[in-house]
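Summary of structural features
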There are 2 protein chains.
Amino acid sequence: MEHFDELKKTKIFKDTNEFECQAMMFCLKTRFKTFDKHQHIVSQGEPMDDIILIIKGGAIVENIDSLGNISILMRLKKGDVYGVESAYAGDTVYKDSLVATERTRVLFMNKHRTINPCENRCKKHEMVIKNLMQSMAQTSIQLLDKVSHMSKKTIRDKLMSYFKALEKKSGSAYFEIPFSKTELANYLSVDRSAMSTELTKMKEEGIIDFDKRQFRLIKNQNEIL
Amino acid sequence: MEHFDELKKTKIFKDTNEFECQAMMFCLKTRFKTFDKHQHIVSQGEPMDDIILIIKGGAIVENIDSLGNISILMRLKKGDVYGVESAYAGDTVYKDSLVATERTRVLFMNKHRTINPCENRCKKHEMVIKNLMQSMAQTSIQLLDKVSHMSKKTIRDKLMSYFKALEKKSGSAYFEIPFSKTELANYLSVDRSAMSTELTKMKEEGIIDFDKRQFRLIKNQNEIL
DNA sequence: TAAAAAGTGTTGTTTTTACAACAAAATGGA
DNA sequence: TCCATTTTGTTGTAAAAACAACACTTTTTA
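Quick caveat, the model's predicted, so the values are computed rather than measured. Throughout this description, residue numbers start from 1 for each chain and increase along the sequence as written. Lettering for chains starts from A, numbering for ligands starts from 1, and both go in the order in which the items are written. pLDDT decides what is reported in this predicted model: residues at 70 or higher carry local features, side-chain atom pairs at 80 or more are listed and counted, and totals for whole chains, interfaces and linings draw on all residues regardless. As a convention, hydrogens and water are excluded, and side-chain values are obtained from all of the structure's heavy atoms.

**Description of the packing of aromatic side chains**
Residues and elements named next belong to chain A.
- Any pair of Phe, Tyr and Trp rings, taking the six-membered ring for Trp, is counted once the centres come within 6.5 Å. Such a pair is stacked with planes under 30 degrees apart, edge-to-face with planes over 60 apart, and tilted for the rest. Taken as a whole and assessed by the stated rule, the structure comprises 20 aromatic pairs over all chains.
- Taking the centre distance of 6.1 Å and the plane angle of 50° together, the rings of Tyr162 and Phe163 count as tilted.
- With centroids separated by 4.9 Å and ring planes inclined at 35°, the aromatic side chains of Phe163 and Phe215 adopt a geometry described as tilted. Taken together, the residues Phe163 in helix 6 (residues 155–170) and Phe215 in strand 11 (residues 214–217) connect sequence positions 52 residues apart. Exposure class is identical for Phe163 and Phe215. Each is buried.
- In this structure an aromatic cluster arises from ring pairing among Tyr162, Phe163, Phe175, Phe179, Tyr187, Phe210 and Phe215.
- The ring of Phe108 has Arg31 lying over it, and the distance from NZ or CZ to the ring centre is 4.2 Å. A run of H or I in DSSP becomes a helix once it reaches four residues, and a run of E becomes a strand once it reaches two; helices and strands are each numbered from the N terminus. Under the scheme applied here, a residue whose accessible area is under 20% of the maximum for its type counts as buried, over 50% as exposed, and between as partly exposed, the area being computed with a 1.4 Å probe on protein chains only. Only lysine NZ and arginine CZ atoms are considered, and such an atom sits over a ring when it is within 6 Å of the ring centre and within 35 degrees of the ring normal.

Here it is in structure tokens:
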């Protein structure tokens, strides 16, 4: 079956065999499509019929407000899904745009078929739904993390909050940020150049060290945690 | 059955009859408890065994970081649930504190029992799970809204983003904010006094009008939307 | 109902941030 | 490999926000 290897690696289809996976493709009325870098996978305001699964590549979720300001809400990578929340909320249009950040292959899955157990009660459908729930839970948690970083008052505090979370996740003082600096500034909603200045200061003060995307938090010896 | 009237009004048990609801109480190993204003319903770091459903009253979800700064992540009201995401993510401790903002009655539901369909396959359990999903979807959407307001650069833009969302939701230029001004400042992560100043300016400029929690957006006649 | 607590608006000052403009470095294609 | 594009760090300046301190109002509760 086409793309089974990739599907097997996603959150949603991780525990299906080839036959089951194939069956689900019918059940969920799926279709595949590939997008080039910068192409819109879906556009804000467009009628929403599908939940989207990123099979290969990556995309950003961006939102344009009525004044024309663009903000990047999150970044999706291989295996991530978009639109589950909206599908449950009963939205009829996409509330954000999905823009490919590289050559990206996606799977469109009919939203009704996906969130409602099907009439023929196909066994694996329940599993798909459970996986969707885990995916939603993860999204919520990621958003909560983002909110907690953004809530900090100064750029330095925002950075530290973010770094501490990454440090905890990596289990070591050394970690790698999943963003370019430009994207990190966007994620934290701060001015890029101001953030760059702050990072330099922090390095000079010996609080952190970094090179490219590699970072390290330097613990102060009199700091007791 | 005790509290059936209140349970009937919640997201989770909205479509159960008294008998089914009673059965679910056993199935989910629930227990009721009442808290006074300011009391901690659960505390950050405490072992997490239950998902919490607010039956009556309200609470805030607050998080304390390693520097001791408190931030309010969201506010829960009657019918809301807390902890579904964490339960799915497999967390073993509460990551936030839940503090009652008034006299509040809650239902503790065993997290394992709640998120996993039970062995006896009780019919209503599936429905509860579907409702939990809707609840998660809502939470995600609320967080996304919050993020999009917070992403705006100036206090004024944050306020306008928030007001426009409320205006849209209410379907009228008149709407009521669900917060005190102090809480609103906290929600948007801005200084309360700076926000107060900005609100006054906006009123003077004729962009908005407000009294207590009642607000109104005043459309500029040359503004075409 | 009186006292305490919480919420609100105002001000001047200090701190932080955004902004703009630039050069250098890194990256990615053709 | 070379050119175009993107990313990054730096600086000075202007704008915005946080902060602190206060008086006044509203709400809560003992």
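From this point on, the discussion continues.
**Structural notes on the nonpolar core**
- Counting residues in hydrophobic clusters, the biggest one holds 90 residues, and the most contacted among them are Phe13 and Ile41 of chain A together with Phe13 and Ile41 of chain B.
- When residues no more than four places from it in sequence are discounted, the contact partners of Phe13 of chain B are Leu7, Lys8, Met24, Met25, Leu28, Leu53, Leu107, Met109 and Val128 of chain B. Nonpolar core, defined: a set of buried Ala, Val, Leu, Ile, Met, Phe, Trp, Tyr and Cys residues in which side-chain atoms within 4.5 Å join the residues together. By definition in these notes, contact holds between two residues if any of their heavy atoms fall within 4.5 Å.

**Things to note about the protein's contact with DNA strand C**
- Summary of the distance rule: residues count as near a molecule or strand when at least one heavy atom falls within 4 Å of that molecule or strand. In the vicinity of DNA strand C, 18 residues are found, and the nearest of them are Thr154, Ile155 and Asp191 of chain A together with Thr182 and Thr200 of chain B.
- Backbone atoms, meaning sugar plus phosphate, form 64% of the atoms of DNA strand C positioned within 4 Å of the protein.
- Between a phosphate oxygen of DNA strand C and a main-chain N or O atom of Ile155 of chain A, the distance comes to 2.3 Å.
- Throughout this description, a polar contact denotes any pair of N or O atoms lying within 3.5 Å of each other; where both atoms belong to protein, one of them has to be capable of donating a hydrogen while the other can accept it, and for residues adjacent in sequence the pair is counted only when both atoms sit in side chains. In the environment of DNA strand C, a base oxygen lies 3.0 Å from a nitrogen or oxygen atom belonging to the side chain of Arg192 of chain B.
- Those elements that place two or more of their residues in the surface near DNA strand C are helix 8 (192–204) of chain A together with helix 7 (181–188) and helix 8 (192–204) of chain B.
- Top contributing element to the surface near DNA strand C by residue count: helix 8 of chain B, with five residues.

**As for unusual backbone geometry**
- Within the chain, Lys29 of chain A stands out as a residue other than glycine whose phi angle is a positive 50°.
- Relative to the assigned elements, Lys29 of chain A resides in the loop between helix 2 (18–27) and strand 1 (31–35).
- Lys29 of chain A gets classed as partly exposed once you look at its relative accessible area, which sits at 49%.
- If you check the backbone angles, His38 of chain B has positive phi at about 75° while not being a glycine.
- Residue placement: His38 of chain B occurs in the loop between strand 1 (31–35) and strand 2 (40–42).
- Look at His38 of chain B and you get exposed, because its relative accessible area is 59%.

**Thoughts on the environment of Phe108 of chain A**
- Position of Phe108 of chain A among the secondary structure elements: in strand 8 (residues 104–110).
- Sequence-distant contacts of Phe108 of chain A, defined by excluding residues within four places in its chain, comprise Lys29, Thr30, Arg31, Lys33, Phe35, Ile41, Val42, Asp50, Ile51 and Ile52 of chain A.

**A few points about the protein's contact with DNA strand D**
- The environment of DNA strand D is made up of 19 residues, and the closest members are Lys181, Thr182 and Thr200 of chain A together with Thr154 and Ile155 of chain B.
- A breakdown of the atoms of DNA strand D within 4 Å of the protein gives sugar and phosphate a share of 67%.
- Within the backbone of Lys181 of chain A, an N or O atom sits 2.9 Å from a phosphate oxygen of DNA strand D.
- Ile155 of chain B is positioned such that a nitrogen or oxygen atom in its backbone is 2.3 Å from a phosphate oxygen of DNA strand D.
- Listing elements by their share of the surface near DNA strand D, those giving two or more residues are helix 7 (181–188) and helix 8 of chain A together with helix 8 of chain B.
- Here the surface near DNA strand D gets five residues from one element, more than from any other, and that element is helix 8 of chain A.
- In the scheme used here, Gly and all other residues not listed as nonpolar or charged are polar, with Ala, Val, Leu, Ile, Met, Phe, Trp, Tyr, Cys and Pro taken as nonpolar and Asp, Glu, Lys and Arg as charged. Each residue belonging to the surface near DNA strand D can be placed in one class, and the counts come to four nonpolar, nine polar and six charged.

**Focus: the domain arrangement of chain A**
Residues and elements named next belong to chain A.
- These domain limits were set by an automatic method or by a database of domain assignments. Examined at the domain level, chain A breaks down into domain 1 (4–149) and domain 2 (153–221).
- Counting from both sides, the interface comprises seven residues of domain 1 and, opposite them, 10 residues of domain 2.
- When two parts are put together, the accessible area they lose, computed with a 1.4 Å probe and summed over both, is reported as buried area. Contact between domain 1 and domain 2 buries roughly 710 Å² in total, counting both sides, with carbon and sulfur atoms accounting for 48%.
- Per-residue buried area on domain 1 facing domain 2 is highest for Arg75, Lys146 and His149; these three make up 79% of the total on that side.
- What makes a salt bridge here is a side-chain nitrogen of Lys or Arg within 4 Å of a carboxyl oxygen of Asp or Glu, nothing more. Scanning the region where domain 1 abuts domain 2 turns up one salt bridge.
- Arg75 serves as the salt-bridge partner of Glu183, at 3.2 Å between the closest nitrogen and oxygen.
- Between the two partners, domain 1 and domain 2, sit four residue pairs in polar contact (both at pLDDT 80 or more).

**Considerations on the sheet that holds strand 7 (residues 97–100) of chain A**
Residue and element names in this part refer to chain A.
- The sheet built from four strands is open, its strands ordered 2-7-4-5 with antiparallel pairing. For this open sheet the edge positions go to strand 2 (40–42) and strand 5 (70–77), each flanked by a neighbour on one side alone. Averaged over all adjacent pairs, the angle separating strand axes in this sheet is 30°, with direction ignored.
- Of the strand pairs in this sheet, strand 4 (residues 58–64) and strand 7 are connected by four bridges, and their pairing is antiparallel. Across the sheet, Ile60 pairs through a bridge with Val99, a residue of strand 7. We treat two strands as partners when DSSP finds at least two bridges between them. The angle between two axes is taken between their N-to-C directions and runs from 0 to 180 degrees, where each axis is a line fitted to C-alpha atoms and a helix contributes only its stretch in contact.

**A closer look at the sheet that holds strand 9 (residues 174–176) of chain B**
Residue and element names in this part refer to chain B.
- A sheet is described by the order of its strands in space; here three strands give the open sequence 9-11-10, paired in antiparallel fashion. Lying at the two open borders of the sheet, with one neighbouring strand each, are strand 9 and strand 10 (208–211). The average undirected angle you get between the axes of adjacent strands in this sheet is 20°.
- Bridge analysis of strand 10 against strand 11 (residues 214–217) gives four bridges, and the strand direction is antiparallel. Its bridge partner lying in strand 11, Phe210 is registered against Phe215.
- The strands touched by helix 6 (residues 155–170) within the sheet are strand 9, strand 10 and strand 11, with strand 9 carrying the most contacts at an inclination of about 105°.

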